[in-house]
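Each chain, letter by letter, is given below.
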Amino acid sequence: MKTTKTLQTPQIMEAGVRTGSRFVLDSIVSTFDPITLSELDEHNLQERIDTKYLLDEALLPEILDEIKDDYTVLHVAGKSIQPYLTLYYDTESYANYFAHHNGRRPRFKIRMRKYVNSSASFLEVKEKNRKGRTVKSRLQINDIANRLAPQHYQFISEVFPLGLVPLKPVIWNRYDRLTLVNKHTLERVTVDLGFNAYNQNGFISWDRLAIVEIKRGSRSLCSGFYQAIRERYLRPVNFSKYCVSLALLTPELKANRFKPNIEKIRLCLQRSMSYV
């Protein structure tokens, strides 16, 4: 089975985004104890509870300085900032997008993701199940492709309830990720920076926005990073990089459910611009 459309890799997304605060961030991150990919695999969180936050990147240096003794930072190829390149697939009718928009569970995302520093690429199916837990299944592949091969469809059909249905590439995401691992409990924190998205309709960039996700094995939120977030009166959001970026770049799609997050992004970026 073949996809019906292709979506070429945008060259503009191959370059990382660096802001003035990124240099300060790098300096603080260099004081964290490092952790390797093989060590990270010991903290398996393929099934987990996720909590997401949107915040100004300028807040990160202060937060990270407060929690640096309780977390390690992932290093790949000697670097703590990891570029990610992702191509999302959906059905012809955008079934995965609308499942999220309409608040259904279980719901799914299908993507190819390249971990640039390690040169590893995976086909991933991410499920949010009825209990609110995230379950991720993945298959290692040679590289991101703008068409799905038969073996890819076979893998997807084993975990995706719609089975063997045509899938098309709909949007590229690119960002830099900082991954922190709690030294004391089963918790991982990812911080995504310099977010870009692209499809045939255009390009968007959220340069000064940090997308933070706390991933843990239980519902407990008694961790140093969570306390630092709470002390700054930051509230969790029901946020999907895939859905919000697709809604912004595909205006014919219904997006009422995502408008509060779109407005939050707009205000955050507007505040950031006032610092420049």
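Further up the page is the structure itself.
Residues numbered from 1 in each chain as written. Predicted model: local features only at pLDDT ≥ 70, side-chain atom pairs only at ≥ 80, totals over all residues. Heavy atoms only, no water.

## A word on the packing of helix α3 (residues 60–67) against helix α6 (residues 224–231)
Right, on to step 1. At a closest axis distance of 9 Å, the pairing of α3 and α6 adopts a crossing angle of 140°. As far as their axial angle goes, α6 and α3 are oblique. By crossing handedness, the relation of α3 to α6 is classed as right-handed. Residues Ile63, Leu64, Glu66 and Ile67 of α3 lie in contact with α6, whose contacting residues are Gly224, Phe225, Ala228, Ile229 and Glu231.
Right, on to step 2. Its residues placed into classes, the contact of α3 with α6 shows six nonpolar, one polar and two charged. (Axes fitted to C-alpha atoms, helices over the stretch in contact; angles between N-to-C directions. Helix = DSSP H or I, 4+ residues; strand = E, 2+ residues; numbered from the N terminus. Parallel < 35°, antiparallel > 145°, perpendicular 65-115°, else oblique. Left-handed = near helix turned anticlockwise from the far one by under 90°. Contact = heavy atoms within 4.5 Å. Nonpolar A, V, L, I, M, F, W, Y, C, P; charged D, E, K, R; others polar.)

## Focus: the pairing of strand β5 (residues 107–115)
Right, on to step 1. Here β5 lies mainly inside the structure; eight of its nine residues are buried.
Right, on to step 2. Relative to β5, strand β4 (residues 81–91) runs antiparallel, the two sharing six bridges. Following the sheet pairing, Tyr88 is matched in β5 by Arg111.
Right, on to step 3. The pairing of β5 with strand β6 (residues 120–128) spans nine bridges and is antiparallel. Within the sheet, the bridge partner assigned to Arg107 lies in β6 and is Lys128.
Right, on to step 4. Here β5 hands over to β6 after four residues, with Ser119 in that stretch at a positive phi of 60°. (Buried < 20%, exposed > 50% of the residue type's maximum accessible area, 1.4 Å probe, protein only. Pairing = 2+ DSSP bridges.)

## Brief notes about the nonpolar core
Right, on to step 1. One finds Tyr97, Ile171, Trp206, Phe239, Tyr242 and Leu246 to be the most contacted residues of the largest nonpolar core, which totals 30 residues.
Right, on to step 2. For this core, the secondary structure elements donating two or more residues are β4, β6, β8 (167–182), β9 (187–199), β10 (202–206), β11 (209–216), α7 (241–249) and α8 (259–273). (Core = buried A, V, L, I, M, F, W, Y, C linked by side-chain atoms within 4.5 Å.)

## Some points on the packing of aromatic side chains
Right, on to step 1. Applying the stated criterion to the full structure yields 11 aromatic pairs.
Right, on to step 2. Aromatic pair Tyr88 and Tyr242: ring centres 4.7 Å apart, planes at 25°, arrangement stacked. With Tyr88 in strand β4 and Tyr242 in helix α7, this residue pair connects regions lying 154 residues apart in the sequence.
Right, on to step 3. On the accessibility criterion, Tyr88 (2% relative accessible area) is buried.
Right, on to step 4. Put simply, the rings of Tyr84, Tyr115, Phe122, Tyr175, Phe195, Trp206 and Phe239 pair up and form one aromatic cluster.
Right, on to step 5. A cation over an aromatic ring shows up here: Arg138 above the ring of Phe122, its NZ or CZ 3.9 Å from the ring centre. (Phe/Tyr/Trp six-rings, centres within 6.5 Å; stacked < 30°, edge-to-face > 60°. Lys NZ or Arg CZ within 6 Å of the ring centre and 35° of its normal.)

## Some details on α3
Right, on to step 1. Every buried residue of α3 is listed here: Leu60, Pro61, Ile63, Leu64 and Ile67. Buried residues along α3 cover an arc of 165° about the axis, so they all sit on one side. (Arc of directions from axis to C-beta.)

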